[in-house]
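# Residue-level structure breakdown
Read off the chains here:
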Amino acid sequence: MKIHIIGCSGSGKTYLAKRLSDRYQISHFDLDDIQWDNNANIYGVKRPLEEKIEMLQKVCTNKDWIIEGVYYAWVRQSFEEADVIYILDMPLFCCKVRIIWRFLKRKIGLEKGSKESLKSLHNLLKWTNVFQKKNMPEIKLVMEKYKEKVVYLKSSKEVKNILCSIELK
């Protein structure tokens with residue numbers, strides 16, 4: 001089974017990926033770990049495109065996988081190979097609240113996270129506006145090619161319904 005999950009920051013991609021990973025005993029891969037050089041001394045250093053594509057190709061050689069992230073321009077291979085693509089198209093307000101909550105949990109040590117700052121939080125919140133207005137419509141256009149395997153989830157309730165349905169199997 002190969003599952004790709006895409007959506008805005010704070011939409012619940014990691015939550016859904018972890019639950020599916022636990023249920024199906026499939027490895028879960030976060031595209032942020034491919035996009036960003038987490039070993040860099042400063043926050044926000046991107047890997048070169050060739051390196052990202054090579055890393056993604058390696059992930060895609062696995063028999064089963066769950067890939068999640070916001071990216072769509074350089075991940076075509078995973079879209080093509082996925083059995084199902086979940087698009088988390090959550091309300092903007094919901095995403096922003098979750099982003100702030102995640103930032104706070106990381107700052108007080110309740111959750112493992114990257115080297116975020118108040119400035120990076122501010123930039124991420126601004127970026128979510130762009131993502132919802134510009135990127136999500138582009139993603140929907142890209143997904144037309146894969147529409148037979150795309151499932152749109154527009155609320156937390158719909159995500160919970162997906163998770164409940166797999167628990168019954």
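Presented here is a report on the structure given in the accompanying data block. (Residues numbered from 1 in each chain as written. Predicted model: local features only at pLDDT ≥ 70, side-chain atom pairs only at ≥ 80, totals over all residues. Heavy atoms only, no water.)

The next thing to look at is the sheet that holds strand β3 (residues 65–69). Read across the open sheet, the 5 strands follow the order β2-β3-β1-β4-β5; overall the sheet is parallel. The two strands at the open ends of the sheet, each matched to only one other strand, are β2 (28–30) and β5 (150–153). This sheet shows a mean twist of 20° between the axes of neighbouring strands, independent of strand direction. In this structure, strand β1 (residues 2–7) lies alongside β3, joined through 5 bridges in parallel fashion. By the bridge assignment for β3, Ile3 is matched with Ile66. Helix α3 (residues 49–60) contacts β1, β2 and β3 of the sheet and is inclined by roughly 145° relative to β3. (Pairing = 2+ DSSP bridges. Helix = DSSP H or I, 4+ residues; strand = E, 2+ residues; numbered from the N terminus. Axes fitted to C-alpha atoms, helices over the stretch in contact; angles between N-to-C directions. Contact = heavy atoms within 4.5 Å.)

Once that is clear, we can look at the pattern of salt bridges. All told, the structure shown has 11 salt bridges when counted by the stated rule. Put simply, Lys147 and Glu144 hold a salt bridge, and the shortest N to O gap is 4.0 Å. The exposure class assigned to Glu144 is partly exposed, which follows from its relative accessible area of 46%. When salt bridges that share partners are traced, they join Arg76, Glu80 and Lys145 into one network. (Salt bridge = Lys/Arg side-chain N within 4 Å of Asp/Glu carboxyl O. Buried < 20%, exposed > 50% of the residue type's maximum accessible area, 1.4 Å probe, protein only.)

Applying the stated rule across the entire model yields 3 aromatic pairs. With a centroid separation of 5.6 Å and an interplanar angle of 35°, the aromatic rings of Tyr71 and Trp74 are classed as tilted. Here the two residues Tyr71 and Trp74 agree in accessibility, since each one is buried. Measuring from ring centre to ring centre gives 5.1 Å for Trp127 and Phe131, while their planes differ by 45°; the resulting arrangement is tilted. Remark: Phe131 and Trp127 occur in helix α6 (residues 118–143); sequence separation between them is 4 residues, near one turn of the helix. Taking relative accessible area as the criterion, Phe131 reaches 1% and is therefore assigned buried. (Phe/Tyr/Trp six-rings, centres within 6.5 Å; stacked < 30°, edge-to-face > 60°.)

Let us look at the nonpolar core. The biggest cluster of nonpolar side chains holds 41 residues, and the ones touching the most others in it are Ile5, Leu16, Leu20, Ile85 and Tyr86. Among the elements of the structure, β1, α1 (13–24), α3, β3, β4 (84–88), α6, β5 and α7 (156–167) are those that each provide at least two residues to this core. The dominant element in this core, judged by the number of residues it contributes, is β4, at 5 residues. In this structure Leu20 touches Ile3, Ile5, Gln25, Ile66, Tyr86, Leu163 and Ile166, once residues within four positions along its chain are discounted. If you look at the next biggest cluster of nonpolar residues, it comprises 5 residues, including Ile99, Phe103, Leu121 and Leu125. (Core = buried A, V, L, I, M, F, W, Y, C linked by side-chain atoms within 4.5 Å.)

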